[in-house]
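Summary of structural features
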Amino acid sequence: MRHTPHFVQSDVDEVKRLIRENPWATIVASTAEGIVASHYPVVLEDDLADPAAIVLVSHVGRPDERSLELGAAEVMVIVQGPHGYVSPGWYPAEQIIPTWNHVTAHLWGTPEILSDDENFRVLGELVDHFERVMPEPSTLTLDEEGSRRVAKGTVGIRLRVARFDARAKLSQNKAPEVVDRIVDELEHGEHYAQPALAAEMRRARGR
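Structural notes, computed from the coordinates. Treat the numbers as computed from the prediction; the structure is a model and nothing was measured. One numbering rule holds for all chains: residues counted from 1, following each sequence as written. Since the coordinates come from a predicted model, pLDDT governs what is reported: local features require at least 70, and pairs of side-chain atoms require 80 or more to be given and counted, while whole-chain, interface and lining totals use all residues. The basis for the side-chain values is all heavy atoms of the structure; hydrogens and waters are excluded.

**Concerning the overall build of the protein chain**
Worth spelling out the cut-off: Only DSSP runs of H or I covering at least 4 residues are called helices, and only runs of E covering at least 2 are called strands; the numbering of each starts at the N terminus. Exposure is judged per residue with a 1.4 Å probe applied to protein chains only, and the accessible area is read against the type maximum: over 50% gives exposed, under 20% gives buried, and values in between give partly exposed. Throughout, a residue-residue contact means that at least one pair of heavy atoms, one from each residue, lies within 4.5 Å.
Secondary structure summary: the protein chain contains six helices and nine strands in total. Dimensions of the protein chain, computed from C-alpha atoms along their principal axes, come out at roughly 65 × 45 × 35 Å. Counting across all 207 residues of the protein chain, residues that qualify as buried make up 45%. Relative to all contacts within the protein chain whose residues are 6 or more apart in sequence, the contacts with residues 24 or more apart total 72%.

So this is what it looks like as structure tokens:
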């Protein structure tokens, strides 16, 4: 990402929150065939021995594990949170350059390929994670035999993040009254409303 030190997000808990709230991630690998990218949901896995560690678990559909050469080298996982256009029309008259606010994290690590049994467990936990808000949650155990057949078409991975580069660019370089105007436009404006981004800006100011 662009070198913008004043927008760097170094708080591990905030990066975990970003992942938790925005689990659709991009996995990027440099392979013998060139740069390859795929998109999959990721969830955080607790590490009781190291609570500060960021550990992701996911799965890919075959043959993506070969296309990405998973396990052979480091990959980058991109997690994108709320983002949106910020018009200079929301700035004082003399400020005419627009920008784009966003919350983004790049995370690097070498994936561990899971065994079939562990992959099935992780798939079950993934389904349970997203189904928990449903009035009648589904689960793989409703038809474990059939679910295991489907699971054979996937490859589970665990990625312990070795390093990350995260940015929370939320108009921190603007005067408070300008930030208020931007938040109001993002919440209620006619043209570029992005309420989730406005909420991130409010949250950042409250910390």
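Still more ground to cover, so stick around.
**Points about the sheet that holds strand β6 (residues 99-109)**
Stated precisely, the cut-off is as follows: DSSP bridges decide pairing: two strands pair if at least two such bridges lie between them. Convention adopted: a line fitted to C-alpha atoms gives each axis, helices being fitted over their contacting stretch, and angles between N-to-C directions are expressed from 0 to 180 degrees.
The five strands are arranged β2-β1-β5-β6-β9 in an open sheet whose pairing can be described as antiparallel. Looking at strand neighbours, the two that pair on one side only are β2 (34-41) and β9 (163-169), the edges of this open sheet. Strand-to-strand twist in this sheet, taken as the mean axis angle between neighbours without regard to direction, amounts to 20°. One ladder, built from seven bridges, connects β6 with β9; its direction is antiparallel. Looking across to β9, one finds that V103 is bridged to A168. Contacts from helix α6 (residues 195-206) reach β5 (75-86) and β6, with the element oriented near 95° to β5.

**Points about the packing of aromatic side chains**
In plain terms, the rule: Between rings of Phe, Tyr and Trp, where Trp is taken as its six-membered ring, a pair exists when centres lie within 6.5 Å; planes separated by under 30 degrees are stacked, by over 60 edge-to-face, and by other angles tilted.
Enumeration according to the criterion identifies two aromatic pairs in this entry. Note on Y85 and Y192: the rings are 4.9 Å apart at their centroids and 55° apart in plane angle, and the pair reads as tilted. In this pair, Y85 sits in strand β5 while Y192 sits in the loop between α5 (176-188) and α6, placing the two residues 107 residues apart along the sequence. A relative accessible area of 24% places Y85 in the partly exposed class. Through successive ring pairs, a cluster of aromatic residues spans Y85, W100 and Y192.

**So, the environment of L126**
Within the fold, L126 resides in helix α3 (residues 116-131). For L126, a relative accessible area of 9% puts it in the buried group. For the pair L126 and S58, spaced 68 residues apart in the sequence, the C-alpha separation amounts to 8.1 Å. Beyond its immediate stretch of four places on either side in the chain, L126 contacts P41, V43 and H59.

**Let's talk about the pattern of salt bridges**
Applied cut-off: Whenever Lys or Arg places a side-chain nitrogen within 4 Å of a carboxyl oxygen from Asp or Glu, that contact is recorded as a salt bridge.
Here the structure, examined in full by the defined rule, presents 20 salt bridges. With a closest N to O distance of 2.6 Å, R158 and E45 form a salt bridge. Of this pair, R158 sits in strand β8 (residues 154-160) while E45 sits in the loop between β3 (43-44) and β4 (55-61); the two residues are 113 residues apart in sequence, bridging distant segments of the chain. Since its relative accessible area comes to 14%, R158 is described here as buried. A salt bridge links E118 to R158; the nearest nitrogen and oxygen atoms lie 2.5 Å apart. Of the two residues, E118 sits in helix α3 while R158 sits in strand β8, which places them 40 residues apart along the sequence. Overlapping salt bridges, with partners in common, bring together E45, E112, E118, R121, E125 and R158 in one network.

**Quick look at the nonpolar core**
Rule in force here: We call a set of buried Ala, Val, Leu, Ile, Met, Phe, Trp, Tyr and Cys residues a nonpolar core when their side-chain atoms join them within 4.5 Å.
If you look at the biggest cluster of nonpolar residues, it comprises 38 residues, and the most contacted ones within it are I19, I27, V77, L107 and I182. The element best represented in this core is α5, accounting for five residues. Discounting residues that sit within four places of it in the chain, V77 has contacts with A25, T26, I27, L56, A105, H106, L107 and L159. Formed by five residues, the second largest nonpolar core is a distinct cluster that contains V43, V57, V122 and L126.

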